[in-house]
Structures are given as structure tokens and as C-alpha cells.
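Descriptive analysis of the structure
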Amino acid sequence: MAGHMSAEEFREHGKRVIDWIADYMAGIESYPVRSRVRPGEVRAALPAYPPERGEPFKRVLADLDAILLPGVTHWQHPSFFAYFPANTSGPAILGDLLSSGLGVQGMLWATSPACTELETVVVDWLAELLGLPEHWRTDARGGGVIEDSASSGSLVALLAAVRRAGRGRNTVYVSSQTHSSLEKAAAIAGIGSENVRVVDVDPDTLAMRPEELATVIERDRRDGATPTMVCATIGTTSTTAIDPVRRIGEICAEQGVWLHVDAAYAGVAAVCDELRWINDGVAEFADSYVTDPHKWLLTNFDCTVLWVADRAPLIDALSVVPEYLRNAATESGEVIDYRDWQIPLGRRFRALKLWAVLRWYGAEGLREHIRSGVAMADELAGWVRASEDFALLEPHPFGLVCFRPLWANLSETDADAATATLRERLNDSGELYLTHTKVGGRMTLRLAIGAPATTREHVRAAWQHIETEYRALRRMD
Ligand SMILES: *Cc1c(COP(=O)(O)O)cnc(C)c1O
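Residues numbered from 1 in each chain as written. Predicted model: local features only at pLDDT ≥ 70, side-chain atom pairs only at ≥ 80, totals over all residues. Heavy atoms only, no water.

Take the packing of helix 14 (residues 351-386) against helix 16 (residues 456-476) next. As a packed pair, helix 14 and helix 16 sit with axes 10 Å apart at the nearest point and diverge in direction by 25 degrees. If you check the angle between helix 14 and helix 16, you find them roughly parallel. As helix 14 runs across helix 16, the sense of the crossing is right-handed. Contact with helix 14, carried on its side by Met 376, Glu 379, Leu 380, Trp 383 and Val 384, involves Arg 456, Val 459, Arg 460 and Trp 463 of helix 16 and no other residues of that element. For the contact of helix 14 with helix 16, a count of residues per class yields 6 nonpolar, no polar and 3 charged. (Axes fitted to C-alpha atoms, helices over the stretch in contact; angles between N-to-C directions. Helix = DSSP H or I, 4+ residues; strand = E, 2+ residues; numbered from the N terminus. Parallel < 35°, antiparallel > 145°, perpendicular 65-115°, else oblique. Left-handed = near helix turned anticlockwise from the far one by under 90°. Contact = heavy atoms within 4.5 Å. Nonpolar A, V, L, I, M, F, W, Y, C, P; charged D, E, K, R; others polar.)

What follows is about the side chain of Arg 446. Looking at the element boundaries, Arg 446 is found in strand 11 (residues 442-448). Here Arg 446 is buried and forms no salt bridge, its nearest opposite-charge partner Asp 292 lying at an N-O distance of 12 Å. For Arg 446, the side chain forms a polar contact with the main-chain oxygen of Tyr 83, separated by 2.7 Å. (Buried < 20%, exposed > 50% of the residue type's maximum accessible area, 1.4 Å probe, protein only. Lys, Arg positive; Asp, Glu negative; His and termini not counted. Salt bridge = Lys/Arg side-chain N within 4 Å of Asp/Glu carboxyl O. Polar contact = N/O pair within 3.5 Å; in protein donor to acceptor, adjacent residues only side chain to side chain.)

Residues Val 230, Trp 307 and Ile 370 are the most contacted members of the largest nonpolar core, which totals 65 residues. Among the elements that take part in this core, helix 14 stands out by supplying 8 residues, more than any other. Excluding anything up to four places from it in sequence, Ile 370 contacts Val 268, Ala 269, Val 271, Cys 272, Leu 275, Trp 296 and Leu 297. Counting 29 residues, the second largest nonpolar core, distinct from the first, contains Ala 150, Val 172, Val 308 and Trp 341. (Core = buried A, V, L, I, M, F, W, Y, C linked by side-chain atoms within 4.5 Å.)

Let's shift gears to the pattern of salt bridges. Under the criterion given, the structure shown has 33 salt bridges. One salt bridge in this structure joins Arg 164 and Asp 287, with 3.1 Å as the shortest N-O distance. Of this pair, Arg 164 sits in helix 6 (residues 150-165) while Asp 287 is found in the loop between helix 10 (282-285) and strand 6 (288-291), placing the two residues 123 residues apart along the sequence. For Glu 379, the salt bridge is made with Arg 456, and the minimal N-O distance between the two is 2.5 Å. Here Arg 456 lies in helix 16 and Glu 379 lies in helix 14, a separation of 77 residues in the sequence.

Take a nonpolar patch on the surface next. There is a patch of nonpolar side chains on the surface, built from Ile 18, Leu 94 and Leu 97 and spanning about 250 Å² of accessible area. Tracing the sequence through the fold places Ile 18 in helix 1 (residues 7-27). (Patch = residues over 30% accessible without salt bridge, like charges linked within 9 Å, V, L, I, M, F, W, Y side chains within 5 Å. Areas by Shrake-Rupley, 256 points an atom, 1.4 Å probe, with all protein chains shown as cover.)

Neighbouring the ligand are 13 residues; Ala 150, Ser 151, Asp 262, Asp 292 and Lys 295 lie closest to it. Here an oxygen atom of the ligand and a backbone polar atom of Ala 150 are 2.8 Å apart. Protein chains shield 88% of the accessible area of the ligand, which is 390 Å² for the free molecule. Of all the elements in the fold, those that place two or more residues in the shell around the ligand are helix 6 and helix 11 (293-296). Partitioned by chemical class, the residues of the shell around the ligand number 3 nonpolar, 7 polar and 3 charged. (Near = heavy atom within 4 Å.)

Right, dumping it as C-alpha cells:
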């Protein structure tokens with residue numbers, strides 16, 4: 001058993017693996033959505049020591065079925081409504097498999113030209129599909145790159161912003177609704193939490209208040225700080241609120257501050273013309289923009305696209321050229337080396353899966369996927385609005401619907417506890433999986449629609465389940 005897997009053995013096991021995945025997709029509804037294992041259960045079922053002698057591959061598959069699957073939460077289950085979706089699709093999985101098969105390390109153009117050039121093509125294609133500005137395309141001053149996550153994309157954008165602003169007491173501006181990855185990026189960039197300004201949001205829209213932003217930036221400048229980056233969010237993680245990017249952008253332009261736009265979840269919705277309004281102000285004012293095809297655009301994790309309006313400060317910030325990576329292509333200046341656009345040196349051939357997705361679905365198929373998610377969310381919101389037992393959070397422009405069960409006669413604290421109990425009972429049932437957030441201090445349920453397998457019937461069943469469990473709980477107190 002000890003030798004390498006031969007091409008023939010690979011063919012045989014590979015076919016089994018593909019069959020395994022196809023069976024998994026076809027039978028996914030037979031599993032409880034959220035894993036029921038207790039902490040340590042999976043680990044305890046596995047040997048503490050590695051094997052001395054090699055084992056047949058089929059034993060790996062057997063353990064996958066027996067030990068690992070019970071510990072898997074089924075993100076592709078059509079009744080997975082937690083967090084945000086993390087879409088996969090047939091073409092994406094196959095594109096990723098091809099990337100594994102090629103085993104290319106694309107740190108430089110010279111280490112595999114097609115890896116770099118296909119990536120340039122697909123990020124430019126995606127910019128076109130989302131209606132993003134011409135000058136972000138690679139043949140102009142900007143450019144896009146595939147990062148492992150929006151968190152990395154935002155960190156890289158911050159490093160470019162610091163480069164442009166110069167080192168000083170750099171300050172960064174976010175809102176209370178900004179994703180936690182910005183605070184982490186600031187910490188990694190050496191910007192202390194005391195220099196991360198949390199700008200107030202409007203209590204109704206949960207969007208950043210631009211007047212407040214302008215005041216804070218001016219005050220910081222007077223105090224000798226170097227205002228460096230503002231992060232505006234299109235589709236916040238908590239509730240999909242949208243910051244007023246145009247107004248924020250005008251302030252950034254006046255103040256010479258880098259505007260980063262975090263559209264990790266919602267940005268891909270701009271494939272649909274009727275949703276392009278979400279990017280109002282982006283073309284004129286954004287210096288950088290991230291969105292995640294690995295959330296709602298059918299491309300399995302990891303695949304974030306970061307665009308910059310001007311690639312120079314990014315490359316200046318991140319380019320380090322040791323002797324052993326010097327090569328004629330880099331020196332000629334005619335090629336892109338994407339290692340200069342990211343934190344690590346090495347990079348996978350991730351463009352393959354995005355390319356496979358864009359070609360399989362076409363713009364039409366992508367629009368259809370987003371539209372169906374938005375339509376199902378609308379329908380669910382209609383049921384919530386019509387119910388006397390629940391309060392709906394408006395608006396809900398994308399696939400996320402937030403709502404709060406009403407518990408007559410309970411204090412706010414007790415009502416929040418009852419909402420948490422309801423959530424746990426629903427998730428324990430295995431029939432669906434949803435998560436929560438806090439809005440105005442109140443425990444609020446989040447139901448995010450967008451898995452490719454989800455249909456109206458799944459959403460309908462989820463709503464019926466929620467109503468039934470809610471009534472059962474009300475009867476208990
Ligand atoms: C999900 C999310 C992120 C983080 O995305 P990763 O790709 O997992 O790093 C950042 N910002 C927003 C608004 C998000 O919704």
C-alpha cells in the first residue's frame with residue numbers, strides 16, 4: 001500500500017469520490033441541517049496516532065460516512081438559512097478539482113502564466129457582470145484579484161490605504177454594523193483599537209451617518225492624526241443595511257481618505273439590473289471594493305474578489321522581491337505577479353472554479369439565481385408581515401429576512417430569552433437552521449435564503465415550522 005497512487009488507482013477512486021459527492025447532493029435532505037455532535041465527539045472517534053502502514057482509500061471514505069458526516073453541518077442543505085449562504089455548484093466543484101489536479105502554485109506570472117492570465121480575465125468579466133466601473137479593469141489603472149476571503153481583501157486594502165496616506169497616527173472609520181474583520185485588519189496593520197473610530201448609525205436604517213463621519217474625521221485631523229480609510233458597507237452582516245456610499249464618498253474625496261467598500265455578501269446581487277442601485281457612488285468614489293462569489297454566487301469557498309481603482313499603492317505596499325524570485329518576465333514589467341496583491345506568497349489556481357461557474361451559468365443563470373433568492377425572501381417577508389405574532393425588520397433588499405417573535409407580557413430580557421429558546425428548538429429539530437443578531441439591543445432572528453437547492457416549498461416549510469414552535473412555546477408559559 002505504501003507507494004504513490006497510480007493513475008489507474010486514481011481513476012478508480014476518483015470516480016467513487018465523484019459518485020459520493022453526487023449521492024451526497026441528491027440525498028442531502030435526509031440529514032439534520034445542523035450537526036448534533038457534542039464537543040470532542042468526532043475527535044474521540046478517530047485514532048490518536050497516525051497509521052504506520054498505508055491504508056486503502058476506501059477506508060477513508062468509510063470513516064467519512066461513519067465518523068465525519070454526523071459532525072458535518074450541511075451548508076448546502078436547502079433548509080440551511082443560517083449566517084449567509086456559502087454556495088457551491090457542480091461547475092465550481094469541478095473547477096476546484098481541476099485546480100487540485102493541476103497542483104499549480106501561481107505566485108508569479110512566470111510560475112504558471114495561465115493561472116495569472118485566466119484570473120485577470122475572470123475578474124474583469126465579473127466587473128463587467130456587476131456593472132463596476134471601466135477604470136477598475138486591469139487594462140486601465142485598477143484591477144481585480146481573487147483573495148481567500150473578504151477579511152483578507154479588506155486587510156490588503158487597508159495596507160494600500162496606509163501606503164497612500166503615509167505612516168502617522170493612522171485612523172480608520174467604521175460603524176457599529178461594520179464586519180469585525182475590519183477591526184482585525186486594523187490590529188494586524190498595527191493600528192490600535194483606539195484609532196478605529198466607530199461612527200454612529202441611524203437607528204432606523206442602521207446605516208452610517210455621514211455628518212457624524214465628517215465631524216470625526218475633521219476632529220482627528222485637528223488632533224494630528226492621519227485619517228486613512230473609511231469602510232462603507234453594502235449589505236451589513238447583521239441585517240444587510242446599506243451605508244450611504246455616495247455621501248460617504250464625497251466626504252472621503254474632500255478629506256483625501258481612502259474609501260473601501262465591503263460588499264462581501266450583497267455585491268454579487270448587482271448582476272441584476274434592478275439591484276444595481278446598491279452600488280450608487282461606488283464608481284465615482286470607491287478606492288477598493290470586495291465581494292464574495294463564495295457566498296451567494298455559486299462558487300465554493302474560497303473566492304473573494306477585491307478590486308482597486310488604482311493598483312499602484314497596493315503593489316507598492318506589498319511588493320517584496322527576494323533574489324530567488326527574480327525573473328525576466330517580472331523585470332520586463334509586462335506581466336502581473338498576483339503575489340504582490342495579497343498577504344501570502346503562494347496562491348491556488350482559484351480562477352478555474354469562477355471561470356467554470358461564469359461559463360456554465362452565463363449572466364442569465366447568475367441573475368436567475370439571485371432573483372429567485374430575492375423573490376423567496378420577499379414572499380417570506382410577506383408572511384411575517386401578515387402575522388400578528390412577529391415583527392418584521394424592513395427593508396430586506398436581498399435574501400436575508402430579519403424578524404422578532406412577539407411575546408406578550410414578557411419583559412424585554414425574558415422575551416429575548418424566549419426568542420433564543422425558539423431558535424434552539426428549531427435548530428435542534430434538524431429541519432432547518434437559522435441564526436440571530438441583535439437589533440436595537442433586541443434578539444432578532446435572521447433567515448438567509450440563497451442555497452442553490454432551496455425552493456419556495458423549503459421556505460414555506462421553514463415558516464410553518466417557526467410558527468408551530470412559537471405557538472408551542474407560548475402555550476408553555
Ligand atoms: C461575510 C462577511 C465578511 C467576511 O467574509 P469572509 O469572506 O468570510 O472573510 C465581511 N464583510 C461582510 C459584510 C460580510 O457579510
